[in-house]
Amino acid sequence: MSENQKDNLLLAIKEEVVKCRECPLYKTRTLPVIGQGNHNAQVMFIGEAPGAKEDKTGVPFCGEAGQILNLLLSSIGVKREDVYIANILKDRPPANREPAPEEVEACAPYLLKQIAVIEPRIIATLGNYSTHFILEHFGVPESHLGISQLRGKKFAVQDPLTKKHYTVIPLYHPAVAIYNRHRLDELKEDFKIIASV
Ligand code: URA
């Protein structure tokens, strides 16, 4: 797919999200957080949902967890502008509560369309929510396991509909490292796997 086609398709997804009324989160959000980065990215990071700062700016991972993500990217020599970053939920759940299953069901199709357009080689899932969703979507039998068992593993998957191949790498959510130095060290180790694939 040409760069121009990708830009147009991603713009169309953005317009769909802006107009979406499939769940009530549009009523309480400030801005939808669609995604940011390189439309030809080799690596796509998938988080959970926007937090307070993301909701105000429309930019994914621009708050405290985002600072950690930036640090982890530079630890493997990858520029943030070379990857693509998105979330399962495009709108912030009030008071940062966990995504409800019906919100994931309503919003995830936008993420799946983004993946199909960007066609990254690697899908790096950040935290339990996105890991569970992506592994389950691709029919990986280990999808029920928790992130502490899955982190740093590699799963070769194929999309049943588009037939495209990806390597999924589950990682801890960067927010776990805000107050936990040990988790930051584990994240740094796991990020090295991204650079090695
Ligand atoms: N946490 C997420 O999962 N996504 C963001 O965009 C910010 C914080």
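The coordinates are above.
Cut-offs used in this document
Residues numbered from 1 in each chain as written. Predicted model: local features only at pLDDT ≥ 70, side-chain atom pairs only at ≥ 80, totals over all residues. Heavy atoms only, no water. Helix = DSSP H or I, 4+ residues; strand = E, 2+ residues; numbered from the N terminus. Buried < 20%, exposed > 50% of the residue type's maximum accessible area, 1.4 Å probe, protein only. Near = heavy atom within 4 Å. Polar contact = N/O pair within 3.5 Å; in protein donor to acceptor, adjacent residues only side chain to side chain. Areas by Shrake-Rupley, 256 points an atom, 1.4 Å probe, with all protein chains shown as cover. Nonpolar A, V, L, I, M, F, W, Y, C, P; charged D, E, K, R; others polar. Phe/Tyr/Trp six-rings, centres within 6.5 Å; stacked < 30°, edge-to-face > 60°. Core = buried A, V, L, I, M, F, W, Y, C linked by side-chain atoms within 4.5 Å. Axes fitted to C-alpha atoms, helices over the stretch in contact; angles between N-to-C directions. Parallel < 35°, antiparallel > 145°, perpendicular 65-115°, else oblique. Contact = heavy atoms within 4.5 Å. Salt bridge = Lys/Arg side-chain N within 4 Å of Asp/Glu carboxyl O.

(A) Structural view of the side chain of Ser130. By the secondary structure assignment, Ser130 is in helix α5 (residues 128-137). A relative accessible area of 0% means that Ser130 is categorised as buried.

(B) Broad picture of the site of the ligand. The environment of the ligand is made up of Gly47, Glu48, Ala49, Glu54, Pro60, Phe61, Asn87 and His173. Between the ligand and Glu48 there is a distance of 2.8 Å, counted from an oxygen atom to a backbone nitrogen or oxygen. A distance of 3.0 Å separates an oxygen atom of the ligand from a polar backbone atom of Phe61. Notes on the ligand: free accessible area 240 Å², of which the protein chains cover 91%. Partitioning the shell around the ligand into residue classes produces three nonpolar, three polar and two charged.

(C) Spotlight on the packing of aromatic side chains. Under the defined criterion, the tally for this structure stands at two aromatic pairs. Arranged with centres 5.7 Å apart and planes meeting at 15°, the rings of Phe45 and Phe191 form a pair that is stacked. With Phe45 in strand β2 (residues 43-47) and Phe191 in helix α7 (residues 181-196), this pair connects stretches of sequence that are 146 residues apart. The exposure class of Phe191 is buried, given its relative accessible area of 0%. When the ring of Phe138 is compared with that of Tyr166, the centres are 5.7 Å apart and the planes differ by 45°; the resulting orientation is tilted. With Phe138 in the loop between α5 and α6 (147-150) and Tyr166 in strand β6 (residues 165-171), this pair connects stretches of sequence that are 28 residues apart. For the pair formed by Phe138 and Tyr166, the shared burial category is buried.

(D) Structural detail: the nonpolar core. Residues Leu111 and Ile134 are the most contacted members of the largest nonpolar core, which totals 34 residues. Ranked by the residues each element gives to this core, the list is headed by helix α4 (residues 101-118), at nine residues. Judged by nonpolar contacts, the second largest core, of 24 residues, contains Ala65, Leu72, Ile76 and Ile194.

(E) Representation of the environment of Thr30 within the structure. In this structure, Thr30 sits in the loop between α1 (3-19) and β1 (36-37). Along the chain, Thr30 and Asp91 lie 61 residues apart, while their C-alpha atoms are 8.3 Å from each other. Within the structure, the side chain of Thr30 is placed 2.5 Å from the side chain of Asp55, a separation counted as a polar contact.

(F) Here's a closer look at unusual backbone geometry. One non-glycine residue, Asn96, lies in positive phi territory at about 55°. Considering the arrangement of structural elements, one finds Asn96 in the loop between β3 (84-87) and α4.

(G) Representation of the packing of α1 against α4. Contact geometry for α1 and α4: axes closest at 10 Å, N-to-C directions at 175°. With respect to α4, the element α1 is oriented roughly antiparallel. Contacts between α1 and α4 pair Lys6, Leu9, Leu10, Ile13, Glu16 and Val17 from the former with Tyr110, Lys113, Gln114, Val117 and Ile118 from the latter. The class makeup of the residues in the contact of α1 with α4 is seven nonpolar, one polar and three charged.

(H) How the structure looks around the pattern of salt bridges. Tallying each qualifying case throughout the model produces eight salt bridges. Among the salt bridges present, the one from Glu16 reaches Lys113, with a minimum N-O distance of 3.0 Å. Residue Glu16 is found in helix α1, and its partner Lys113 is found in helix α4; the two are separated by 97 residues along the sequence. Under the relative-accessibility criterion, Glu16 is labelled partly exposed at 33%. With a relative accessible area of 36%, Lys113 lands in the partly exposed category. Note that Glu103 is salt-bridged to Arg97, the shortest N-O span being 2.6 Å. With relative accessibility at 36%, the residue Arg97 sits in the partly exposed group. Among the charged side chains, a salt-bridge network with shared partners connects Arg151, Arg183, Glu186 and Asp190.

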